Amino acid sequence: MAKKILAVFGTRPEAIKMAPVIKKLQEDPKRFEVKICVTAQHRQMLDQVLQLFEIIPDYDLNIMAPNQNLFDVTGKALMGLENVLKAEKPDLVLAQGDTTTVFAAALASYYLKIPFGHVEAGLRTQNKYSPFPEEINRQLATRIADLHFAPTKLAKQNLLAEGVPAKKIFVTGNTVIDALFYTVKKNAVVSSQYSVDSRQHTGSFSSANPLSAIRNLQSKIQNPKSKIILLTAHRRENFGDGMKSICQAILEIVKKNKDVQVIYPVHLNPNVQDPVNTYLKDKDRIHLISPLDYAPFVDLLASSYLVLTDSGGIQEEAPSLGKPVLVLRDTTERPEAVTAGTVKLVGTNKDRIVKEASRLIQSKTAYNKMTRAHNPYGDGKSAKRIAEICGRG
């Protein structure tokens, strides 16, 4: 009899990292009956990943609402998952990462005494407010989980230090690398360096075909030596002064480095939109574009010279494509890349951001040192390992 596994996720990053696991489980219907529940904690950004990976949910809780807060998301997800779990009675629930959906999935599974498996387990900053609320979501999921799929040896050590039995921990690599390789192959993502014509693409960007549009943006070459900086910044802990400082740093970087173009897919949250439009809108060589679907985002990532981000997943993805990353945070739950030399923490201090970015722009030696460092996050076979472990017993 096939083991029934319920995969739960609610945001784009979760969907990207869970998709390879779901696809791998679905390849073996004799061993696995796969059910999929999305909370839709984020709606639009989730849907495009489902389309890319050709995943059709069995349940869609559709909980996203305007101006939702953590109380709204937690309560709606927990109540909705109660009904799904009671209806399906799965043998195992799988969820990935650190969102409120993950915490709710773990808690709902616990209440109904259903085994829970945590994909990307063991990441820690040991600062409960950074990242917020993700750090505590991870730690609470760990206390509940029966299977811990740790992406790295360091993540395993974190779990062991917290008393998780070694027999319940499995080092698998990170499934984001599986998703990245899948997307590169499926969409023939480019890997060469591009520059853009700032006179043609200042202000907003949108297209019915975002992959074609972003390639068109990239192909407006005026200076073959121009360098694209990909910027993403949307973390809750950076709202306010942090976002202001990041924007001011970008202005200074562009001013000091005439061969630089900045492309910024701007998150829809007003806490991001407001300062970004105040400081960066209609500035020369700074391109504010709409949030991208995953495939064109990977295309843009592959085409970039340097990445500035406060995202977690990009710290794993960019090194796989040979791109140095400056992290706009003071802490990271992914220190392996910092140790390896592919990632550097710079926080939100304007002067430090400008200094470190300019060093990589101006020094080929410094740049090459980061691009040639080893990426510690996997070989693209993480989903296969997770599926094999789920099939035991």
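Refer to the structure printed above.
Residues numbered from 1 in each chain as written. Predicted model: local features only at pLDDT ≥ 70, side-chain atom pairs only at ≥ 80, totals over all residues. Heavy atoms only, no water.

Peer 1: Which residues make up the environment of Leu25, and what values do they have?
Peer 2: Counting through the fold element by element, Leu25 comes out in helix 1 (residues 12-26). The class for Leu25 is buried, based on a relative accessible area of 1%. For Leu25, the contacting residues outside a window of four places in its chain are Ile5, Phe32, Val34, Leu94 and Ala387. (Helix = DSSP H or I, 4+ residues; strand = E, 2+ residues; numbered from the N terminus. Buried < 20%, exposed > 50% of the residue type's maximum accessible area, 1.4 Å probe, protein only. Contact = heavy atoms within 4.5 Å.)

Peer 1: Give a description of the sheet that holds strand 3 (residues 59-60) that names residues and reports values.
Peer 2: As summarised here, the arrangement of the seven strands in space is 3-2-1-4-5-6-7, forming an open sheet in which the pairing is parallel. Single-partner strands in this sheet number two, and they are strand 3 and strand 7 (169-171). Sheet topology places strand 2 (residues 32-38) next to strand 3; two bridges connect them, and they run parallel. Looking across to strand 3, one finds that Val38 is bridged to Asp60. (Pairing = 2+ DSSP bridges.)

Peer 1: Which residues make up the side chain of Glu317, and what values do they have?
Peer 2: Considering the arrangement of structural elements, one finds Glu317 in helix 12 (residues 313-320). An unpaired buried charge is present at Glu317: no salt bridge exists, and Lys17, the closest side chain of opposite charge, is 7.3 Å distant. Setting aside anything within four residues of it in sequence, one finds Glu317 in contact with Val176, Leu180, Tyr294 and Leu301. (Lys, Arg positive; Asp, Glu negative; His and termini not counted. Salt bridge = Lys/Arg side-chain N within 4 Å of Asp/Glu carboxyl O.)

Peer 1: Pulling in residues and values, what's your account of a nonpolar patch on the surface?
Peer 2: Together, Tyr110, Tyr111 and Leu112 make up a nonpolar patch on the protein surface, roughly 350 Å² of accessible area in all. Under the relative-accessibility criterion, Leu112 is labelled partly exposed at 32%. (Patch = residues over 30% accessible without salt bridge, like charges linked within 9 Å, V, L, I, M, F, W, Y side chains within 5 Å. Areas by Shrake-Rupley, 256 points an atom, 1.4 Å probe, with all protein chains shown as cover.)

Peer 1: Which residues make up the sheet that holds strand 8 (residues 227-232), and what values do they have?
Peer 2: The six strands are arranged 10-9-8-11-12-13 in an open sheet whose pairing can be described as parallel. This sheet does not close on itself; its edge strands, each paired only once, are strand 10 (286-289) and strand 13 (343-345). Ignoring strand direction, the axes of neighbouring strands in this sheet form an average angle of 20 degrees. As judged from the four bridges shared by strand 8 and strand 11 (residues 306-309), these two strands associate in the parallel manner. If you follow Leu230 over to strand 11, its bridge partner there is Val307. In this fold helix 12 packs onto strand 8, strand 11, strand 12 (325-327) and strand 13, with an angle of close to 165 degrees to the strand it touches most, strand 12. (Axes fitted to C-alpha atoms, helices over the stretch in contact; angles between N-to-C directions.)

Peer 1: So what's going on with the packing of aromatic side chains? Residues and values would help.
Peer 2: Taken as a whole and assessed by the stated rule, the structure comprises six aromatic pairs. A ring pair is formed by Tyr129 and Phe132, whose centres lie 6.1 Å apart and whose planes are at 40 degrees; its orientation type is tilted. Exposure remark for Tyr129: the relative accessible area of 54% places this residue in the exposed category. Given the relative accessible area of 32%, Phe132 is considered partly exposed. Centre to centre, the rings of Tyr305 and Tyr367 are 4.0 Å apart; their planes meet at 10 degrees, and the pair counts as stacked. Linking Tyr305 in the loop between helix 11 (294-303) and strand 11 with Tyr367 in helix 15 (residues 364-371), this pair joins segments that are 62 residues apart in sequence. For Tyr305, a relative accessible area of 8% corresponds to the buried category. Taking the relative accessible area as the measure of exposure, Tyr367 reaches 10% and is therefore buried. Over the ring of Phe297 we find Arg12, and its NZ or CZ is 5.9 Å from the ring centre. (Phe/Tyr/Trp six-rings, centres within 6.5 Å; stacked < 30°, edge-to-face > 60°. Lys NZ or Arg CZ within 6 Å of the ring centre and 35° of its normal.)

Peer 1: Describe helix 14 (residues 350-362), with residues and values.
Peer 2: Here helix 14 is 13 residues long and its end C-alpha atoms lie 18 Å apart, about the 18 Å a rise of 1.5 Å per residue gives. Where helix 14 is concerned, the buried positions are Ile353, Val354, Glu356, Ala357, Ser358, Leu360 and Ile361. (Expected span 1.5 Å × (residues − 1).)

Peer 1: I'd like to hear about unusual backbone geometry, residue by residue, with values.
Peer 2: For the bond running from Ser130 to Pro131, omega is -5 degrees, close enough to zero to count as cis. Mapped onto the elements, Pro131 comes out in the loop between strand 5 (116-119) and helix 5 (134-144). In this model, Phe132 is joined to Pro133 through a cis peptide bond whose omega is 5 degrees. Following the sequence through the fold, Pro133 ends up in the loop between strand 5 and helix 5. The phi torsion at Lys113 lies on the positive side, around 55 degrees, for a residue other than glycine.

Peer 1: Lay out the packing of helix 14 against helix 15 with the relevant residues and their values.
Peer 2: To characterise two packed helices, one gives the angle between the axes of the helices and the distance between these axes. Remark: helix 14 packs on helix 15, axes separated minimally by 5 Å, with the N-to-C direction vectors making an angle of 95 degrees. Classified by the angle their axes make, helix 14 and helix 15 are roughly perpendicular. Residues Arg359, Leu360 and Gln362 of helix 14 form the contact with helix 15, whose participating residues are Lys364, Ala366, Tyr367 and Met370. Classifying every residue of the contact of helix 14 with helix 15 gives four nonpolar, one polar and two charged. (Parallel < 35°, antiparallel > 145°, perpendicular 65-115°, else oblique. Nonpolar A, V, L, I, M, F, W, Y, C, P; charged D, E, K, R; others polar.)

Peer 1: I'd like a rundown of the pattern of salt bridges, residues and numbers included.
Peer 2: Tallied over the entire structure, the rule returns 21 salt bridges. The salt bridge partner of Lys4 is Glu88, with a shortest N-O separation of 3.0 Å. You can see Lys4 sitting in strand 1 (residues 3-9) and its partner Glu88 sitting in helix 3 (residues 70-88), a full 84 residues away along the chain. The residues Lys4 and Glu88 share a single accessibility class, namely buried. The salt bridge partner of Arg124 is Glu162, with a shortest N-O separation of 2.7 Å. Here Glu162 lies in the loop between helix 6 (153-161) and strand 7 and Arg124 lies in the loop between strand 5 and helix 5, a separation of 38 residues in the sequence.

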